[in-house]
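For reference, the chains in residue letters:
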Amino acid sequence: MVDKLLGYEDAIKKYDPTFGIEVHVELATKTKMFCSAHNPAYDNNLDNLANPNTMTTPVSLGLPGSLPVLNKQAVEYAIKIGLALNCTIAKKSVFSRKNYFYPDLTKNFQTSQYDEPTCIDGYIDVELEDGEIFRVEIERAHIEEDAGKNNHVGGDTGRIHGAQYSLVDYNRAGVPLVEIVTRPVKGAGKRAPEVAAAYVRTLRDIFKAIGVSKAQMERGNVRADVNLSLSSAESDKLGTRTETKNVNSFASIEAATKYEIRRQAAILDDGGKIIQETRHWHEDTSSTSSGREKSDAEDYRYFPEPDLVPLIIDDEWVNRVKATLPELPHIKRSRLKKEYQFSDLEMRDVINAQAVDVIEATVKERALPQSARKWWMSESLMQSKDIFNGSESNDIIYVSPKQIAQLDNLIQEKVINDKIARQVLEAMLNGECEGDPQKIVEQKGLKVVNDDSVLINAIEEGFKKMPKAKDDIKAGNMGAAGPIIGMVMKATQGQADGAKVRELIIEIANK
Ligand code: MN
C-alpha cells in the first residue's frame, strides 16, 4: 500500500512536529555485558571473521541456571557517556527484566534498566550545517544488553516475509548497550528532520571521541529510533506518535522524519487518526511501513532483576572517570578554529566534511593548518579521509596525515612547488614508493630547479626570442614577464620556483 503524503511545506504550515529519539550504542568492551564471551562490537573487523554462534557463553545463550556478572568496563563507559551528555550520574541504579519473547533473545527477557537508570537529565547542543545551535534535552541514558540476530533466508528482501527459513546468530546477544532517550524535542519546526539527524551525528562524534564505541553507523554500532507526532499549529496538545525503528544513517534519519511528518499530516488532513505503532524504515524506497502496534511499558511486565544487586556509583568513581574524559568534539572544534585561524565558513565546511580530526593529525605532523585544510578538503583525498574516519578500505591506497604533512613540508622547504606537489600526490595515491613523497620526488626527478645558472640560461634564451619583453619589463610593465616565465617553466618541465624566476627576470632585465 502506498502512503498518501502531504507536501512538506504544507504539512509544516498546518502542523507542528515533535520528535524524540532513542539511540542505542554498542560499547566496545572486550567482553559482553553480563558474561566473558567475546564482544563482536569490540572490533568490527573481528566481527567480520567470526562464525555465527562462536561468541557465546551459557549466559548469552540464556541457558537455565546461568547467572549474570556485570561488566565493570561497560559501567565506566556508561558513566563516560552520561558525563559527556551533561547527565547526573545516579548514585544507585537498578537492573530490571523487560519481558518479551523473541527467538534472538533466549532468556525471554532483556536485562535493562527501568525506573532507576544510571544517567539522568542531560542535554547536548547540536550544531546544524549553517551554524545554528539547537539544544536537545536528554531524559535518561540506561545500560542494557543487545539481542542476537535473525537471518531470514530464501526471500528477496532479507525480511521474514517470503523467507524459507530463519537462522539465529547469538554472537550479538549480550553485547553491552547504552540507550539514550531524549525528552520530546519541540520548536524545531521545519528544521525538525535536520535537527534529528544532527543530534545523532553529534552523539556519534562524542562516542568516538570518548572512545566508548567504534561508532560505525553502517555496522549497526549506533542505531536510532525516531518517534514523531504532529500537533495542529494552534494547539499545544501532543498528537499520537509513531516510532520508526532502526534508522541507521544520518541521511535516513532526516528522510524518515520528513516522511512521517508528510504521512501523518495527510492522515490528519483527511480527518483520520494516527495509530500508535512501530514502523519500519525502507532504505530502498525511502518510506516507512507499519510494524507492530506499540506496546506500552506495562506490557513488558518490568520487574527488578533478582540476579543482580543494585549498581552503586560513588562520587570518587565518577570523578575518576571524569578525569579520563578527553576534550569533547565541539570544544575541540572551537579551539582548533582559533588556533588554525580558519574563517567561520572554512571551519563549517571542514566540520561538515568530517575533516576536523584528520586535519588536526596532519598539523600535528607539522603541516601548515591552511595547507592541511586544502589537501584534505580536496576531492582526491576523500577516500583516504573516510578510511581515517573508520570506514573500511576497499583496496583503496590510503594516504595518511603523516604523508600529507611530509608532502606539505617539501613545499614549505621549496623542494617542490604546488603544481608538482599535485603530481606527487597522484603518485602517492597510486601507491608509488609506498606513498613516500620524498622518495617519489627523488625517483621521478621532480625537484624544483634551484640551480640559478639553469634558470638564467632559460631566461636569456627567452629574451632572445622576445627582445621587446626586456624593455617592457624595464619600463615597469610586469605583464610582459608572463611569456618569459612560461618559457622557463617549459624549459624546466614545470619544475622552477615561480617566485624565484620572477626575481631573476627583473634582475636580468634591469642589468
Ligand atoms: Mn533499548
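Draft legend 1. Examining empty space enclosed by the protein more closely. All chains considered together, the criterion is met by 2 cavities of 30 Å³ or more. The computed volume of the largest cavity comes to approximately 60 Å³. Forming the boundary of the largest cavity are Val 59, Ser 60, Leu 61, Gly 62, Asp 104, Leu 105, Thr 106, Lys 107, Glu 145, Asp 146, Ala 173 and Gly 174. Class assignment of the residues belonging to the lining of the largest cavity gives a composition of 4 nonpolar, 4 polar and 4 charged. Roughly 30 Å³ of internal volume is contained in the second largest cavity. Around the second largest cavity sit Lys 32, Met 33, Phe 34, Cys 35, Val 59, Ser 60, Lys 107, Glu 145 and Gly 174, which together line it.

Draft legend 2. Spatial organisation of the nonpolar core. Ranked by internal contacts, the top residues of the largest apolar core, which has 75 residues, are Ile 81, Ile 180, Tyr 199, Val 200 and Phe 207. With 10 residues, the top contributor of residues to this core is helix α4 (residues 192-209). Judged by nonpolar contacts, the second largest core, of 34 residues, contains Ile 351, Ala 372, Ile 440 and Leu 446.

Draft legend 3. Layout of the coordination of the manganese ion. Taken together, the protein ligands of the manganese ion are His 24 (NE2), Glu 144 (OE) and Glu 179 (OE), with distances of 2.0 to 2.2 Å. Between the donor residues of the manganese ion, the gaps in sequence give the motif H-x119-E-x34-E. Here His 24 is found in strand β1 (residues 15-26), whereas its partner Glu 179 is found in strand β10 (residues 176-182), with 155 residues between them in sequence. We note that His 24, like Glu 179, is buried.

Draft legend 4. Highlighting the packing of helix α13 (residues 418-429) against helix α14 (residues 437-444). With their axes 10 Å apart at the nearest point, α13 and α14 run at an angle of 110° to one another. Considering the angle they form, α13 stands roughly perpendicular to α14. In this structure, α13 uses Val 424, Ala 427 and Met 428 to contact α14, whose residues at the interface are Pro 437, Ile 440, Val 441 and Lys 444.

Draft legend 5. The arrangement of unusual backbone geometry in detail. For Gln 354, which is not a glycine, the phi torsion comes out positive at approximately 55°. Structurally, Gln 354 can be placed in the loop between α8 (344-352) and α9 (356-364). Within the chain, Lys 414 stands out as a residue other than glycine whose phi angle is a positive 60°. Structurally, Lys 414 is set in the loop between α12 (401-412) and α13.

Draft legend 6. The arrangement of α14 in detail. When α14 is considered as a whole, its buried residues turn out to be Pro 437, Ile 440 and Val 441. Along α14, the residues classed as buried sweep out an arc of 100° about the axis, all on the same side. Those residues of α14 that are buried are in contact with α12 and α13. Put simply, Asp 436 is the residue that caps the front of α14, since its side-chain oxygen is 3.0 Å from the backbone nitrogen of Gln 438. A positive backbone phi angle near 60° is found at Gly 445, which sits one or two residues after α14.

Draft legend 7. Structural view of the pattern of salt bridges. Per the counting criterion, the structure on display carries 38 salt bridges. Put simply, Arg 335 and Glu 327 hold a salt bridge, and the shortest N to O gap is 2.8 Å. Owing to a relative accessible area of 32%, Arg 335 belongs among the partly exposed residues under this scheme. It is possible to trace a salt-bridge network through shared partners that takes in Glu 327, Lys 332, Arg 335, Glu 339, Asp 357, Glu 360 and Lys 364.

Draft legend 8. Looking closely at the environment of Asp 349. Considering the arrangement of structural elements, one finds Asp 349 in helix α8. For the pair formed by Asp 349 and Arg 373, sequence separation is 24 residues and the distance between their alpha carbons is 10.0 Å.

Draft legend 9. Spotlight on the packing of aromatic side chains. By the definition in use, this model includes 6 aromatic pairs. An aromatic cluster is present here, built from Tyr 100, Tyr 102, Tyr 114, Tyr 300 and Tyr 302 joined pairwise through their rings. Over the aromatic face of Trp 317 sits the side chain of Lys 72, whose NZ or CZ is 5.8 Å from the ring centroid. Above the plane of the ring of Phe 342 lies Arg 373, whose end atom (NZ or CZ) is 5.9 Å from the centre.

Draft legend 10. Representation of the pairing of strand β13 (residues 277-282) within the structure. Buried residues dominate β13, accounting for 5 of its 6 residues. Alignment of strand β12 (residues 242-247) against β13, held across 4 bridges, turns out to be parallel. From the neighbouring strand, Lys 245 faces β13, where its bridge partner is His 280. With respect to chirality, the unit in which β12 leads through helix α5 (residues 250-269) into the neighbouring parallel β13 is left-handed.

Draft legend 11. Structural detail: the environment of Lys 385. Positionally, Lys 385 belongs in helix α11 (residues 382-388). In the structure, Lys 385 is positioned 13 residues away from Tyr 398 in sequence and 8.5 Å away in space, judged by C-alpha atoms. Aside from chain neighbours lying at most four places away, what touches Lys 385 is Ala 353, Gln 354, Ala 355, Val 358 and Trp 376.

Draft legend 12. A look at the sheet that holds strand β5 (residues 109-113). Across the sheet, 3 strands lie side by side as β5-β4-β15; this open sheet has antiparallel pairing. The open sheet has two edge strands, β5 and β15 (303-304), and neither has a second partner. Taken together, the 5 bridges between strand β4 (residues 95-99) and β5 define a ladder with antiparallel strand orientation. Each bridged residue has a counterpart across the sheet, and for Phe 95 the counterpart in β5 is Gln 113.

Draft legend 13. Main features of the side chain of Glu 243. Locating Glu 243 in the fold gives a position in strand β12. Glu 243 sits in the buried class, given a relative accessible area of 1%. Engagement of the side chain of Glu 243 in a polar contact is seen with the side chain of Lys 245, the distance being 3.2 Å.

The rules behind the values
Residue positions within a chain follow its written sequence, with the count starting from 1. It should be noted that, the model being predicted, local features are given only for residues of pLDDT at least 70 and side-chain atom pairs only at 80 or more, the latter also being counted only at that level, while totals for whole chains, interfaces and linings use all residues. Hydrogens and waters are ignored; side-chain quantities use all the structure's heavy atoms. Method remark: on a 1 Å grid restricted to protein atoms, a set of points is classed as a cavity if a 1.4 Å probe fits but cannot get out and as a pocket if it is open with protein on both sides within 12 Å along at least five of seven lines; lining residues have an atom within 4 Å of a point. Grid points are joined across faces, edges and corners, and a volume is the space filled by probe spheres set on the points. In this classification, Asp, Glu, Lys and Arg are treated as charged, Ala, Val, Leu, Ile, Met, Phe, Trp, Tyr, Cys and Pro as nonpolar, and every other residue, Gly included, as polar. Buried Ala, Val, Leu, Ile, Met, Phe, Trp, Tyr and Cys residues that are joined via side-chain atoms within 4.5 Å together make up what is termed a nonpolar core. Each residue gets one of three labels from its accessible area relative to the maximum for its type: buried under 20%, exposed over 50%, partly exposed in between, using a 1.4 Å probe on protein chains only. A helix here means a DSSP run of H or I that spans at least four residues, while a strand means a run of E at least two residues long, and both kinds are numbered starting from the N terminus. Any N, O or S atom lying within 2.8 Å of the metal counts as a donor, and for Na, K and Ca the limit rises to 3.2 Å; water is left out, so some sites can look incomplete. Axis definition: a line fitted to C-alpha atoms, over the contacting stretch in the case of helices. Angles run 0 to 180 degrees between N-to-C directions. Roughly parallel covers angles under 35 degrees, roughly antiparallel covers those over 145, roughly perpendicular covers 65 to 115, and oblique covers all other angles. Note on contacts: a residue pair qualifies if any of its non-hydrogen atoms lie within 4.5 Å across the two residues. The directions from the helix axis to the C-beta atoms form the arc being described. Any pair of nitrogen or oxygen atoms within 3.5 Å is treated as a polar contact; in protein, a donor-acceptor pairing is required on top of that, and neighbouring residues in sequence qualify only through side-chain atoms on both sides. The working definition used for a salt bridge is a side-chain nitrogen of Lys or Arg within 4 Å of a carboxyl oxygen of Asp or Glu. Between the rings of Phe, Tyr and Trp (Trp by its six-membered ring), a pair exists once the centres lie within 6.5 Å; its type follows the angle of the planes, with under 30 degrees stacked, over 60 edge-to-face, and the other angles tilted. In our convention, an over-ring charge means Lys NZ or Arg CZ found within 6 Å of a ring centre and within 35 degrees of that ring's normal. The pairing criterion is simple: DSSP has to find at least two bridges between the two strands. The definition of a right-handed crossover adopted here requires that, viewed with the strands pointing away, the path from the first strand over the helix to the second runs clockwise.

Nothing here speaks to function; it is geometry throughout.
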